[in-house]
Structures are given as C-alpha cells and as structure tokens.
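# Structural description and commentary
Residues per chain are reported as follows:
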Amino acid sequence: MHAFNMYRFKSLLGSVCLALAACGGGGGDGSPPPPPPTPGVAPTITTQPADASLTAGQPASFTVAASGDAPLAYQWQRNGVDIAGATATAYSIAATSVADSGATFRAVVSNAVGNATSNNATLTITAAAPVLTITPQPASLTVTAGTQASFTVGGTCSSGTLAIQWQRLGAGVFADIAAATTTVYSFAAVTGDTGAQFRANLSCSGQSPAASSVVTLTVVPPAAVTLGPVTVTGLRAQAPLSTTSAIDRQADGSYLFAGGAYIWRLAADLGSVSRFAGNGSFGNADGAGPVASFNGVRGMTHDAAGNLWITDNSLIRRIAPDGTVTTIAGTLTPNGFSDGTGAAATFSGPAGIAIGPDGDLYVSDQNTNRVRRVTTAGVVTTYATGMVAPFGIAVAANNDVYVAQAQGNRVVRIVRSGNGPGVTQVVAGDGSANVSNPADGPGLTASLPGPTAMYLRGTTLYVRDLAGLMRTIDITTGVVGTFTGSRTLGPGYADGAPTQVRLIAPAITGIADAPGGGLLIADAGPLRTIDAAGKVTTLANGYQPSTATVTSLPSSTGVLAQLPFEFGPLGATAVAVDPQGRIVVSEGNTTTVRRIDTSGSVSLMAGLAYSAGSVDGVGSTAQLRLNGAALAIAPSGVVYVPDEASVKRIDTSGFAATLAGATGALASGAVNGPPGTARFASISGLAVAPSGDVMVSDNGNAAIRRIDAAGNVTTFSGVMGQRGTTDGAAGIARFNAPIGLAYAPDGTLYVNDNGTLRRIAADGSVTTTTVTNVASFVINPTGAVYVLKFNDGLYAVSSTGATTLLIPMGIGLVLGSASPTLGTADGAMAALGAKQILIMASRSLAVVTLP
C-alpha cells in the first residue's frame with residue numbers, strides 16, 4: 001500500500017472510534033454498552049374451543065383461552081366471518097336451531113405484537129323430540145256380549161304426525177291389533193273377551209313413543225239371544241286374478257302385474273293388492289285407470305320417470321304413474337310387421353318388452369320372429385330378424401339385447417354395434433326341446449326347452465322353461481344352472497324348497513326382482529316369491545273365488561292370508577276354537593286351514609290355496625284335500641283335519657303330516673292297523689278324547705274309529721260296513737250315517753247319525769236321544785247341547801231332550817236385531833265359551849250370544 005493511503009486509513013478509523021464513544025458505545029471510563037430493548041410476546045392459544053352436540057332449543061357456548069402480552073383482544077367468527085360484538089373469551093347462542101347445525105366457530109386473539117387463531121369448533125344440532133300429549137286416555141268398558149266395544153284415545157304432537165297402534169294383551173305380552181290404527185278401536189265383543197286388556201301406542205312420526213293407560217273390557221251376557229258378526233281385521237276380498245302374467249318392480253318397491261283384465265299393484269311389503277288400472281272388461285280402451293281396458297298383457301317394463309310400458313295384444317301401451325293408459329304404437333288390425341310411427345306400425349304377438357340404456361324399448365314380436373325397437377314417441381323399427389318365436393327379452397348395461405327363443409329352445413344375444421345391432425350369438429341352449437331333466441352346463445351343451453320369461457340382474461339371466469324350472473345363465477360365460485324347481489316332480493304347483501318346488505308350465509309368466517337376491521313371479525295363476533336359496537312361497541292364488549263375503553269385510557283387496565272365507569255347499573267347511581280362544585277354520589274351497597286370533601287377525605296355518613293335494617309340510621308347502629266337514633283341536637293346540645281318506649295332524653308350528661290312513665286312488669278302505677296300513681272310507685267327523693285319542697266318524701264304513709297317539713287305528717263302536725240304528729254295546733251298536741262328533745265334559749261322545757243325536761259311552765256302548773232333524777250340533781264347556789235343525793233354526797237341548805228355539809232361519813242373515821234370523825245356515829258350529837256359539841250362516845261367520 002502507498003504511504004499516503006495508509007495514513008488516510010488510520011485517520012478514518014480513529015474518527016469512527018470517537019464517534020462510537022460519543023453515541024454511548026462505551027463510557028469514557030470503559031464501561032459496557034446497555035442491552036438492546038426486549039421484543040413483545042404474541043398471543044398463543046392455550047385452550048381451544050370444543051365441538052358441541054345439542055338438541056334444538058338448547059344454549060350453546062364456546063370458550064377460548066390465550067397467553068401473550070396484554071392487552072389481548074378477541075374476535076369470534078362463524079364459518080370464518082366475524083360475529084359482530086362477539087369480542088369476549090366466550091361466545092354463546094341463547095337458543096340453537098336446526099339451521100345452526102354444521103356451523104363452525106373460532107376465535108382470533110390479537111395484541112400489539114401479533115395474533116393467533118383457534119381451531120374450528122363444530123356445532124351439531126339435532127331436532128328436538130316432539131312433545132306428545134295423550135288426551136283423552138282410553139277408559140275401561142262394560143258392554144253386552146254381541147255388541148260393539150269401542151275404545152277411544154286422543155293425542156297431539158308439537159311436531160310430526162300422530163301415529164296410533166292399538167294393542168291387546170295376550171300371553172303376558174301386548175301385541176299389535178291388525179288395522180287398529182285410528183283414535184277409535186271397535187269390535188264386536190264376545191263373552192270370551194271379558195277381562196281382556198287393551199292399550200294404544202302413540203308416537204309423533206315415530207318419535208316420542210308412549211303408551212296410553214291400560215284398560216279392561218268387561219263383557220256381560222245380554223237379556224235375550226243376540227246374533228252378531230265375528231270381528232275380522234285385515235281380511236280383504238281376494239283379487240280376482242283369473243290369470244297373472246307380466247310383472248315389474250317399481251322404484252318405490254311395489255310391484256305392478258297383469259291379472260285378468262286389470263293391472264294390479266302389489267304393495268312393497270307384499271301385504272295387499274289393489275287395482276291400478278282396468279275396468280274389468282277385456283278390451284283396448286285408453287284413458288284414466290278405471291276407464292282403460294286390457295286384453296292380453298304379456299310383458300312390462302318401466303322407465304326412469306315411472307311410466308309403465310306394456311305389450312298388450314298387438315299394441316305397445318304406456319301407463320302413466322297416475323294410471324292413465326295411452327297406446328303409443330301398433331293397431332289391432334291388421335297384424336304384421338310394418339315399421340312406422342304410432343298406428344302406422346304393426347305387430348303380431350308382441351311378448352317381452354325391456355327398456356335399454358339408450359332409452360328405447362325393445363320388443364320381442366313373437367309371430368313375426370323379429371325384435372322391434374320402439375322409441376318412447378312411438379317410432380317403430382325392426383332391430384333384428386331370424387329369431388325363432390322370441391318371447392322373453394332383456395337389455396344389458398352395454399345395450400346388448402338378450403332374447404329367449406321359445407321354439408328355438410335357445411337364448412341368443414344381439415351384440416350392440418354403435419347405435420344399432422351387430423352380430424347375433426347363441427348364448428345358451430342346444431336347441432333341443434327336452435323337458436325331462438334338461439341338462440345344465442356350458443352354454444351350447446345345456447338344454448333350455450321352451451324358454452319364455454326372462455329377468456337380468458347383474459350378469460345373471462333368470463329364465464323360465466317348459467320343464468317347470470327357473471334356470472340361470474351367466475352371460476359372461478354362458479354357463480346354465482337351475483335356480484329352483486323339482487326335476488323329479490316336473491311342472492305343477494307346489495311351494496317349498498327347490499327340490500319340492502313345482503312351477504307352472506307352459507310358463508307364460510313374468511319375473512321381477514325382489515330384495516335379498518330373490519325373485520317375484522307371476523306364475524300364470526298365483527303370485528309367488530322365490531328367496532335367494534330358491535325356496536318358493538305363494539302370496540296369492542289366481543283362482544277366481546266365488547262372491548262369498550264375510551261380515552264386516554272391508555272393500556279393499558288382498559293376498560293369501562287375507563282371502564275371503566269360502567263357506568257353504570261349494571266346499572266342506574268346519575270351525576273350532578283352540579285353547580287360546582282363537583277360531584280355526586278348515587275350508588274345502590280354498591284347501592287351507594286358517595286361524596283368526598282374538599284380535600281378529602287372520603293367518604294361514606297350513607295348505608296351499610286352491611291347490612288340492614296330499615303333501616306334508618309347513619304352511620303353504622303342505623297341500624290338503626279338505627273334503628270332510630270335520631275339525632278337532634286338542635288341548636295342546638294341535639289341529640286334526642280330514643285329508644281325503646286320511647287324518648292330518650297340524651302342529652302348533654303349522655307342520656301338517658299324516659297321522660293315519662292314506663290318499664290317492666286306492667286310499668279308501670275298511671282296514672284297522674298301523675298308520676300306513678289303516679284305511680278309512682269317508683271321514684265326516686273328528687273329536688279328541690280325554691285320553692288324547694282321535695275319534696273318527698267313518699261315514700263310508702258306518703263306524704266310529706279310534707286313532708291312538710302312535711297312529712294305530714281300531715274300531716271303537718259299530719261294525720264296519722254294517723249300517724243300522726241299533727243301540728247297545730260297542731260291537732252290537734249300528735250306525736246309519738255318522739257325521740259330526742263332539743265330547744261332553746263328562747266324557748260322553750255325541751254323534752250326529754243321519755240327523756239323529758246319539759250318545760256313545762266311554763266303553764263304546766250307544767244310546768239314542770229324541771233329538772232329530774239335526775244338521776249340526778255343539779256342546780259348550782258346561783255340557784249344554786245346541787242343535788241346528790234342517791230348514792228350521794238353532795235350538796237349545798235340555799237334559800231331557802226337549803228343544804227350545806233360539807234363532808229361526810229366515811230370508812237372509814239378520815244381525816243385531818231384536819228378531820235375528822240365520823238365513824241359510826251352512827251347518828258348521830263351535831262353542832266360543834259357555835255363552836256363545838260360532839255358526840256358519842248364509843256363508844258368513846256369526847256369533848250367537850245367549851243370556
């Protein structure tokens with residue numbers, strides 16, 4: 001460095017040092033400089049506000065705590081926006097509402113140095129439970145037997161809709177009474193109802209449930225003989241389903257199906273059937289539901305808007321959600337395969353119909369061997385030809401169309417190509433019409449005789465065939481299986497597990513989806529369910545019953561457990577009362593045994609409706625031939641009924657099995673012995689002895705037979721095949737035509753022998769009373785005897801045999817009058833306690849109440 005520069009540097013450094021000393025950088029005495037000032041402390045959140053879950057109307061409060069240099073300032077925010085005036089450590093809402101639910105709250109804390117923001121606290125508000133007020137409470141009643149008992153309850157809800165369900169106490173448990181859902185519950189009281197307890201359960205749209213006071217009914221006898229109805233709740237007239245065909249499940253879970261001249265709706269709970277469209281006459285009239293007519297519906301499907309599309313005769317028709325019917329394509333004449341719009345298009349035998357993802361309808365035009373494509377505006381084009389009697393049709397998610405060729409014995413696929421059809425491929429079926437054990441297996445090796453109705457769920461295609469089977473086809477592999485149906489039994493009509501199920505063939509039917517992997521089918525006559533395991537249960541039979549009605553019968557329509565009772569000459573009918581006071585009815589017409597509980601609710605015990613047969617099983621899996629007007633109930637509740645030439649035992653679970661005798665062409669006979677060997681000729685009366693043995697009036701053999709607990713049969717009184725009217729010991733006595741049987745409390749067995757009442761002692765010896773012209777009789781728990789005389793009336797019988805008229809026959813059934821009449825009494829009677837008698841009168845079930 002140059003000398004000049006070094007000098008200047010040293011001088012500058014000295015000047016800097018002097019300046020620092022002057023600024024306090026150091027004392028002249030050499031002391032250190034003071035420390036720099038300390039910076040302030042910014043806020044820190046020490047307690048976060050907490051989430052809150054409350055009921056509407058409750059107060060809400062959020063609190064925050066923070067540290068840092070004072071003063072601290074607070075600002076609460078809702079959903080990130082400042083809340084005016086909310087500047088304290090806590091923020092409160094005096095009364096929350098449902099609108100507050102989901103809101104978030106936080107606090108921003110600040111001072112001169114900085115700020116801090118708390119976590120968000122979420123407020124969850126649930127609607128406050130409505131306040132239910134029950135007033136008036138029901139009151140206990142005392143009524144005369146045979147008159148109406150009416151209980152009333154009232155209620156109000158602070159919000160929601162009031163719901164009411166009346167209940168009756170039975171076996172220590174309050175059970176719902178079917179259809180008793182209004183403020184007033186009324187029914188015809190019988191003496192057996194005395195002491196019964198009732199209550200109403202109330203709620204507000206299912207919330208705030210509470211039970212009313214429990215009330216007691218006291219029933220006293222009338223001053224004179226009365227005749228009243230038997231209360232039956234939930235019993236509805238059978239829908240006249242002369243045929244059933246197409247069926248389709250709706251978005252709300254209900255089903256629409258074709259039955260006869262109507263379109264019917266089956267409720268989602270499968271509990272009732274109501275008319276949706278149709279006027280009862282066959283035709284093709286358009287219009288509002290009750291105006292429209294139908295004539296041959298074979299296919300149906302629905303669109304996203306809830307419209308139902310059907311093939312009907314040679315027409316394509318739309319049924320709007322309100323039931324209005326409009327024909328969109330086709331004409332009645334001429335039939336053919338002309339494409340066009342609306343009535344310019346023609347069809348011949350349209351059957352299956354399905355809607356594709358493209359929004360168009362695809363129709364199997366059976367007689368023209370075509371598949372037609374129909375827009376919802378009614379524009380018809382031919383989609384594919386070369387089908388062989390196409391019937392069922394289904395469209396996959398990729399718009400491939402599957403067609404069941406009923407006469408080609410195959411299922412084919414029309415592959416989608418762009419916006420139109422591509423190649424047609426055989427998916428399954430070897431083309432053979434083999435209905436005897438058709439083979440399952442890979443596509444073209446399997447046998448599909450006469451495939452008709454189809455339903456596609458996922459990749460499984462369900463197909464009906466002429467062998468009475470429900471088949472499955474995996475559309476990805478073509479493998480064919482069997483979902484349900486007995487290959488051994490073949491086509492027919494039977495409920496039960498897959499190996500005993502019989503489906504009706506020819507299968508011009510419909511298939512619809514059901515929850516849980518099951519199906520619901522319109523099986524030509526009945527409506528039936530198939531569960532995921534293939535078990536079949538009949539909901540309603542398509543048999544057209546007579547116009548028989550039941551007293552107090554509601555006008556709505558219904559299903560199996562709610563069929564009308566078929567009383568009278570068209571089929572043998574018998575009634576009895578079980579130990580719980582429930583009425584059991586054996587109906588020859590419906591081939592079922594049904595029970596009316598003490599609340600009036602009807603349920604099936606055993607038998608497949610309108611299907612006479614002799615099959616053991618539970619409920620509808622059993623089949624019966626109830627060709628004898630006989631019914632007996634043991635103290636255990638076990639029911640005995642005649643089944644052709646055998647006696648069926650129905651246990652409390654509803655399982656029906658043969659106790660003794662046989663059925664079939666060679667079943668009738670006159671043989672004692674073990675259950676399978678014994679033969680009866682004509683069973684027309686049954687009674688359960690104090691020993692538990694079952695006594696049988698074998699009218700065809702003119703003898704009283706006995707069946708022990710093991711089913712062994714012996715002759716109790718009379719000689720088989722020898723008719724007469726001789727009194728005396730068991731082997732000497734003769735019977736002319738023994739029918740009804742009943743035990744008196746003292747163990748004496750009474751028999752109606754060709755219109756004459758006769759007594760049979762415990763040793764089988766017989767004496768004849770003076771009571772004649774007997775159509776039927778009953779003995780009450782006190783031993784009192786009552787007889788219904790032919791074309792005469794109901795009589796009380798004294799211990800000496802004298803008879804007193806109680807109610808005459810007359811023109812029509814007159815109930816609740818000072819002068820009741822029985823009309824045409826059909827004969828069956830049973831004791832409903834000591835003071836009441838059940839009686840079939842004018843094809844109705846009535847109750848006689850005695851003073």
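Residues numbered from 1 in each chain as written. Predicted model: local features only at pLDDT ≥ 70, side-chain atom pairs only at ≥ 80, totals over all residues. Heavy atoms only, no water.

### Points about the overall build of the protein
Rules: A run of H or I in DSSP becomes a helix once it reaches four residues, and a run of E becomes a strand once it reaches two; helices and strands are each numbered from the N terminus. In this description the radius of gyration comes from C-alpha coordinates, and the expected globular size is given by 2.2 Å times residues to the power 0.38. Throughout this description, buried means an accessible area under 20% of the type-specific maximum (1.4 Å probe, protein chains only), exposed means over 50%, and partly exposed covers the range between. Whether two residues touch is decided by their heavy atoms; if any such pair falls within 4.5 Å, the residues are in contact. The accessible surface values rely on the Shrake-Rupley method and a 1.4 Å probe; as for residues, cover is taken only from the protein chains in view.
From N to C terminus, the protein includes one helix and 74 strands. In summary, the protein has a C-alpha radius of gyration of 41 Å against a globular reference of 29 Å for 851 residues, an excess of more than 25%. With the C-alpha coordinates of the protein rotated into their principal frame, the extents come out at 170 × 75 × 55 Å. Within the span of the protein, comprising 851 residues, buried residues form 51% of the whole. In the protein, once contacts between residues fewer than 6 apart in sequence are set aside, the share between residues at least 24 apart is 48%. Accessible surface computed for the protein: about 33,900 Å², of which carbon and sulfur atoms make up 55%.

### Quick notes on the sheet that holds strand E35 (residues 379-385)
Counted only if it meets this: At least two DSSP bridges between two strands are needed for those strands to be called paired.
Judged by pairing direction, the sheet is antiparallel, and its five strands sit side by side in the order E31-E35-E34-E33-E32 without closing on themselves. The strands lining the two open edges of the sheet, one partner per strand, are strand E31 (340-341) and strand E32 (350-355). Examined bridge by bridge, E31 and E35 share two bridges and lie antiparallel to one another. Bridge pairing in E35 links Gly 340 to Val 380.

### Notes on the state of the cysteines
Every disulfide links exactly two cysteines, by a covalent bond between their sulfur atoms. The condition is simple: To count as a disulfide, a pair of cysteine sulfur atoms needs to be within 2.5 Å.
Within this structure, the stated rule accounts for one disulfide. In this model Cys 157 forms its disulfide with Cys 204; the gap between the sulfur atoms is 2.1 Å. Looking down the S-S bond of the Cys 157 and Cys 204 bridge, the torsion is -95°, so its handedness is left-handed. Of this pair, Cys 157 sits in strand E14 (residues 155-157) while Cys 204 sits in strand E18 (residues 197-204); the two residues are 47 residues apart in sequence, bridging distant segments of the chain. For Cys 204, a relative accessible area of 0% gives the class buried.

### A closer look at the pattern of salt bridges
Pairing is possible between side chains that carry opposite charge, provided their charged atoms lie close to one another. As a reminder, the rule being used: Definition used for salt bridges: Asp or Glu carboxyl oxygen within 4 Å of a side-chain nitrogen of Lys or Arg.
Under the definition given, this model contains 25 salt bridges. Notably, a salt bridge pairs Asp 523 with Arg 528, separated by 2.9 Å at the nearest N-O pair. The pair formed by Asp 523 and Arg 528 is uniform in burial state, with each residue classed as buried. In this structure, a network of salt bridges that share partners links the residues Asp 358, Asp 360, Arg 373 and Arg 416.

### Re the environment of Ala 710
Here Ala 710 lies in the loop between strand E60 (703-707) and strand E61 (713-717). On the accessibility criterion, Ala 710 (54% relative accessible area) is exposed. C-alpha of Ala 710 to C-alpha of Pro 674: the two residues are 36 residues apart in sequence and 8.1 Å apart in space.

### Section: the confidence of the model for the protein
For any part of a model where pLDDT is low, the fine detail of the predicted coordinates should not be relied upon. Selection criterion: Each residue carries a pLDDT score, the predictor's confidence in it, ranging from 0 to 100.
Summary statistics for the protein give a mean pLDDT of 88 and a share of 90% for residues scoring 70 or more. Predicted confidence for residues 1-28 stays below pLDDT 50, and this span has eight contacts to residues more than four positions away or in other chains. Predicted confidence for residues 235-239 stays below pLDDT 50, and this span has 37 contacts to residues more than four positions away or in other chains.

### Comments concerning the nonpolar core
For clarity, the threshold we go by: Only buried residues count toward a nonpolar core. Its members are Ala, Val, Leu, Ile, Met, Phe, Trp, Tyr and Cys residues joined through side-chain atoms within 4.5 Å.
Phe 151, Trp 166, Tyr 185, Phe 187, Phe 198 and Leu 217 are the most contacted members of the largest nonpolar core, which totals 22 residues. Every element with two or more residues in this core is listed here: strand E11 (132-134), strand E13 (148-152), strand E15 (162-170), strand E17 (184-188), E18 and strand E20 (215-220). Among the elements that line this core, the one with the most residues is E18, at four residues. If near-sequence neighbours (up to four positions away) are discounted, Phe 187 is found in contact with Thr 147, Gln 148, Ala 149, Phe 151, Asp 193, Phe 198, Leu 217 and Thr 231. Within the second largest apolar cluster, 21 residues are counted, among which are Ile 45, Ala 52, Ala 60 and Ala 121.

### Here's the deal with the packing of aromatic side chains
The condition that has to hold: Each aromatic pair joins two rings of Phe, Tyr and Trp (for Trp, the six-membered one) with centres within 6.5 Å, and gets the label stacked for planes under 30 degrees apart, edge-to-face for over 60, and tilted for any other angle.
Throughout the structure, instances matching the rule amount to 11 aromatic pairs. Look at Tyr 185 and Phe 198: their rings are 6.1 Å apart centre to centre, the planes differ by 50°, and that puts the pair in the tilted class. One end of the pair, Tyr 185, is in strand E17; the other, Phe 198, is in strand E18, with 13 residues separating them in the sequence. We classify Phe 198 as buried; its relative accessible area is 0%. With centroids separated by 5.0 Å and ring planes inclined at 75°, the aromatic side chains of Tyr 362 and Tyr 383 adopt a geometry described as edge-to-face. Taken together, the residues Tyr 362 in strand E33 (residues 361-365) and Tyr 383 in strand E35 connect sequence positions 21 residues apart.

### Some thoughts on the pairing of strand E30 (residues 325-330)
Note that strand E29 (residues 315-319) and E30 share five bridges and pair antiparallel. Its bridge partner being in E30, Leu 315 is matched across the sheet by Gly 330. Between E29 and the antiparallel strand that follows it, E30, lie five residues; Gly 323 among them carries a positive phi value of about 95°.

### Regarding unusual backbone geometry
A negative phi angle characterises most non-glycine residues, just as the trans form characterises most peptide bonds. Thr 135 connects to Pro 136 through a cis peptide bond whose omega is 0°. Inspection of the secondary structure puts Pro 136 in the loop between E11 and strand E12 (141-144). In this structure, Pro 334 follows Thr 333 across a cis peptide bond, with omega equal to -5°. Residue position: Pro 334 is located in the loop between E30 and E31. Even without a glycine there, the phi angle at Glu 644 is positive, about 55°. The phi angle at Asn 773 is positive, at roughly 60°, despite the residue not being glycine.

### Some points on the side chain of Arg 413
As a reminder of what qualifies: Positive charges are assigned to Lys and Arg, negative charges to Asp and Glu, while His and the chain termini are left out of the count. Whenever two N or O atoms come within 3.5 Å, that pair is a polar contact, provided that in protein one can donate a hydrogen and the other can accept it, and provided that, for residues adjacent in sequence, both atoms are side-chain atoms.
Mapped onto the elements of the fold, Arg 413 is located in strand E38 (residues 410-417). The side chain of Arg 413 is buried and forms no salt bridge, while Asp 400, the nearest opposite charge, is found at 4.5 Å. Looking at Arg 413, its side chain comes within polar contact range of the side chain of Tyr 402, at 3.0 Å. Every residue in contact with Arg 413, bar those within four places of it in the chain, is listed here: Asp 400, Val 401, Tyr 402, Val 423, Thr 424, Gln 425, Val 427 and Ile 475.

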